[in-house]
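# Report on the structure
Listed below, chain by chain, are the residues.
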Amino acid sequence: KRYWAISGNRRVMAARRLKQKTIRVEIEESKGDREDRVTLVVSNDHRRSFNPIDLARHLAKHKRDYKLTVEELATDYKWPKSRADRLLSLLRLDTRCQEMVRRRQVKPSVAAILVGLGHNSTQLAAMRRAMKEKWTVADARSHMRRHRRKNVASAAAAARRNDNLRRAPSLPRD
């Protein structure tokens, strides 16, 4: 009979490399594919090699495969909905930005805030700056406030220009 290591996989691999004949294990009946996937993620979530982008991709696949809402996904993992939302939001980043998070050049919490910048080139510029200046969450939020104020001011200026164009007297036609 064959078994699948849901947790403790590194111990099994280390034992094999050391050519140990036996290893102490706990065998549990499978709870089903959905719960086994959750156990696999939860038991490896703390590992440094398990990066936030891979985790987000796994969550998105789990959500899609089982047709779950974010609330149901969070319940499966026994996480707050905000954590599931934040992780899934990382997948809305430009691929170059995702790579910066995957390589741990930018904190996932900072990147999740910068998702709100929308446009890829704007995200990338902010992420590069965040990486260079080692932004905290507070720095990212401050950047977002400045960005929103700038956009509101630009929109107001554009509205004034449009209003002035509508009010301009028309020239007589020949």
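It should be noted that the structure appears before, not after, this text.
Below or above, wherever it landed, is the structure these notes cover. Please read these numbers as outputs of a predicted model, since none were measured by experiment. (Residues numbered from 1 in each chain as written. Predicted model: local features only at pLDDT ≥ 70, side-chain atom pairs only at ≥ 80, totals over all residues. Heavy atoms only, no water.)

## Let's talk about the overall build of the chain
Note the cut-off: Starting at the N terminus, helices and strands are each numbered in turn, a helix being any DSSP run of H or I of at least four residues and a strand any DSSP run of E of at least two. Exposed residues in this analysis have more than 50% of their type's maximum accessible area, buried residues have under 20%, and partly exposed residues fall in between, with area computed by a 1.4 Å probe over protein chains only. The criterion used for residue contact is that any of the two residues' heavy atoms lie within 4.5 Å. The method behind every accessible area is Shrake-Rupley, applied with a 1.4 Å probe, and residues are considered shielded solely by the protein chains displayed.
When helices and strands are counted, the chain shows 9 helices and 0 strands. A burial count over the chain gives 29% of its 174 residues as buried. A separation threshold of at least 6 residues defines the contact pool for the chain, and within that pool the share at least 24 residues apart is 59%. Entry remark: accessible area of the chain is about 12,800 Å², with carbon and sulfur atoms responsible for 51%.

## Focus on the packing of helix H6 (residues 95–102) against helix H8 (residues 120–133)
How two helices pack is summed up by the angle between their axes together with the distance between the axes. For the record, the criterion: Angles shown run from 0 to 180 degrees and are taken between the N-to-C directions of axes, each axis being a line fitted to C-alpha atoms and, for helices, limited to the stretch in contact. Oblique is the label for any angle not under 35 degrees, not over 145, and not in the 65 to 115 range, which are roughly parallel, roughly antiparallel and roughly perpendicular in turn. Handedness of a crossing is defined here by the sense of rotation of the near helix relative to the far one, left-handed for an anticlockwise turn of less than a right angle and right-handed for a clockwise turn. Throughout this entry, Asp, Glu, Lys and Arg are counted as charged residues, while Ala, Val, Leu, Ile, Met, Phe, Trp, Tyr, Cys and Pro are counted as nonpolar. The remaining residues, Gly among them, count as polar.
For the pair H6 and H8, interaxial distance at closest approach is 9 Å and the crossing angle is 20 degrees. Here H8 runs roughly parallel to H6, going by the angle between their axes. Seen from above, H6 lies across H8 with left-handed handedness. Side by side, H6 and H8 meet where Arg-96, Cys-97, Met-100 and Val-101 of the first sit next to Gln-123, Leu-124, Met-127, Arg-128 and Met-131 of the second. Partitioning the contact of H6 with H8 into residue classes produces 6 nonpolar, 1 polar and 2 charged.

## So, the packing of helix H4 (residues 70–77) against helix H5 (residues 81–89)
Put simply, H4 and H5 touch, their axes get as near as 8 Å, and they point 110 degrees apart. The angle between H4 and H5 falls in the class roughly perpendicular. Handedness of the H4/H5 crossing: right-handed. Residues Val-70, Glu-71, Leu-73 and Ala-74 of H4 pack against Lys-81, Ala-84, Asp-85 and Leu-88 of H5. Split into classes, the residues belonging to the contact of H4 with H5 amount to 5 nonpolar, no polar and 3 charged.

## Here's the deal with the nonpolar core
Selection rule: The set of buried Ala, Val, Leu, Ile, Met, Phe, Trp, Tyr and Cys residues whose side-chain atoms join them within 4.5 Å is what this entry labels a nonpolar core.
Core analysis: the largest hydrophobic core is formed by 34 residues, its most contacted members being Leu-59, Leu-90, Leu-114 and Met-127. Of all the elements in the fold, those that place two or more residues in this core are helix H2 (33–44), helix H3 (52–65), H4, H5, H6, helix H7 (108–114), H8 and helix H9 (137–167). With sequence-adjacent residues up to four places away left out, Leu-59 is seen in contact with Leu-73, Tyr-77, Trp-79, Leu-87 and Leu-88.

## Details of the environment of Lys-134
As for its position among the elements, Lys-134 is in the loop between H8 and H9. Overall, Lys-134 belongs to the exposed group, its relative accessible area being 66%.

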